[in-house]
Amino acid sequence: MNRRSFLKAGAAAAAMPLVSRARGFGLVAAAPEVAVDPAALQQLLDESARGLGIVGAQLAVFDGDAIHEFATGLAVRERDLAVTPDTLFQIGSTTKVFNAAVVMALVDEGTLDLDEPVGSYLDGAPLTSDQPPVDMTLRQLLSMSSGLDNGPYTDHGRGDDALGQYVASLAGIPGIFEPGTAYGYSNAGTCVAGLAAQRVMGKNWETLLADRILEPLGLEHSANFPEDLLYHPIALCSRRSSAWTSRKPPRRTL
């Protein structure tokens, strides 16, 4: 398998948890069958991780019939603990896909409207410092065309209104373009869309995620908060090391 085929397989694997579970709900068509060579994929994953200086990684490929899972490297380098297919990694901005799925589920049932000014769901709270106030829609927020700046990386604690407090802080930041006229990657825009879902449903975002996505799809191997991680093997962040590229890391089975 060459690198182009590996990247295609990886793209399919990114959607694997949703696709594999969703087939039972009749939500998606079965993926076309592809030939999978487990030994070749494992070797390519091992070599690619070492070459890129990646401490630990996973890969899962759904071939239309079965799921093939692979792991390489270390989950906790300081403890010499190996990555396994069950190891949890932080998914970073992939969370945006789950957020969009929550919002679109509410759009499908008529609770939210993609083209309604989002301010109507937030009691008219200002989202930028612009005067007159700028309005934008959920469609623009989800497509990164809202004109919202990427937003600050501030911590508003763990309360149910932490998301609301973050969105309120955006009122001091000017917009970067007129909504719908350009594209600009925005973490803040995702937060605003998630807050709209939270407000109309009267539930915090984590509960909505569980109700609308995780539980229906049977994705039990998931966690939102540090205390939830106690029930799972997890990968800790590690810096790149030049030594990693020159040797294969030791493996240990727990």
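That block above? That's the structure.
Just so it is clear, the structure is predicted and the values come from calculations on it, not from any experiment.

Some details on the packing of helix 6 (residues 162–169) against helix 7 (residues 187–201)
- Interhelical geometry of helix 6 versus helix 7 gives an angle of 135° and a closest axis separation of 10 Å. It follows that helix 6 is oblique to helix 7 by the angle criterion. The handedness of the crossing between helix 6 and helix 7 comes out as left-handed. For the pair formed by helix 6 and helix 7, the contact residues are Leu 163, Gly 164, Tyr 166 and Val 167 on the first element and Ala 188, Cys 191, Val 192, Gly 194, Leu 195, Gln 198 and Arg 199 on the second.
- Residues that form the contact of helix 6 with helix 7 fall into these classes: seven nonpolar, three polar and one charged.

Some words on the nonpolar core
- Leu 112, Val 118, Leu 127, Leu 138, Leu 141 and Val 192 are the most contacted members of the largest nonpolar core, which totals 32 residues.
- Listed by contribution, the elements that provide at least two residues to this core are helix 4 (95–108), helix 5 (138–142), helix 6, helix 7 and helix 8 (205–214).
- Of the residues forming this core, the biggest block, six residues, is contributed by helix 7.
- Ignoring any residue separated from it by four or fewer positions in sequence, one finds Leu 127 in contact with Val 118, Leu 122, Met 136, Leu 148, Val 167, Leu 170, Ala 171 and Val 192.
- Counting six residues, the second-largest nonpolar core is a separate cluster that includes Ala 57, Leu 59, Val 61 and Phe 70.

Section: the sheet that holds strand 2 (residues 67–76)
- Taken in spatial order, the three strands line up as 1-2-3 in an open sheet, and their pairing is antiparallel. At either margin of the open sheet sits one strand with a lone partner, and together these are strand 1 (56–62) and strand 3 (81–82).
- As defined by bridge partners, strand 1 adjoins strand 2 across seven bridges and the pair is classed as antiparallel. Across the sheet, residue Leu 59 finds its bridge partner in strand 2, namely Phe 70.
- Across the sheet, helix 3 (residues 38–52) is in contact with strand 1 and strand 2; its angle to strand 2 comes to roughly 25°.

Re the packing of helix 4 against helix 7
- As a packed pair, helix 4 and helix 7 sit with axes 10 Å apart at the nearest point and diverge in direction by 40°. In this structure, the crossing between helix 4 and helix 7 has a hand that is left-handed. In contact with Lys 96, Asn 99, Val 102, Val 103 and Leu 106 of helix 4, helix 7 contributes Asn 187, Thr 190, Ala 193, Gly 194, Ala 197, Val 200 and Met 201.
- Of the residues assigned to the contact of helix 4 with helix 7, the class counts are seven nonpolar, four polar and one charged.

The rules behind each value
- Residues numbered from 1 in each chain as written.
- Predicted model: local features only at pLDDT ≥ 70, side-chain atom pairs only at ≥ 80, totals over all residues.
- Heavy atoms only, no water.
- Axes fitted to C-alpha atoms, helices over the stretch in contact; angles between N-to-C directions.
- Helix = DSSP H or I, 4+ residues; strand = E, 2+ residues; numbered from the N terminus.
- Parallel < 35°, antiparallel > 145°, perpendicular 65-115°, else oblique.
- Left-handed = near helix turned anticlockwise from the far one by under 90°.
- Contact = heavy atoms within 4.5 Å.
- Nonpolar A, V, L, I, M, F, W, Y, C, P; charged D, E, K, R; others polar.
- Core = buried A, V, L, I, M, F, W, Y, C linked by side-chain atoms within 4.5 Å.
- Buried < 20%, exposed > 50% of the residue type's maximum accessible area, 1.4 Å probe, protein only.
- Pairing = 2+ DSSP bridges.

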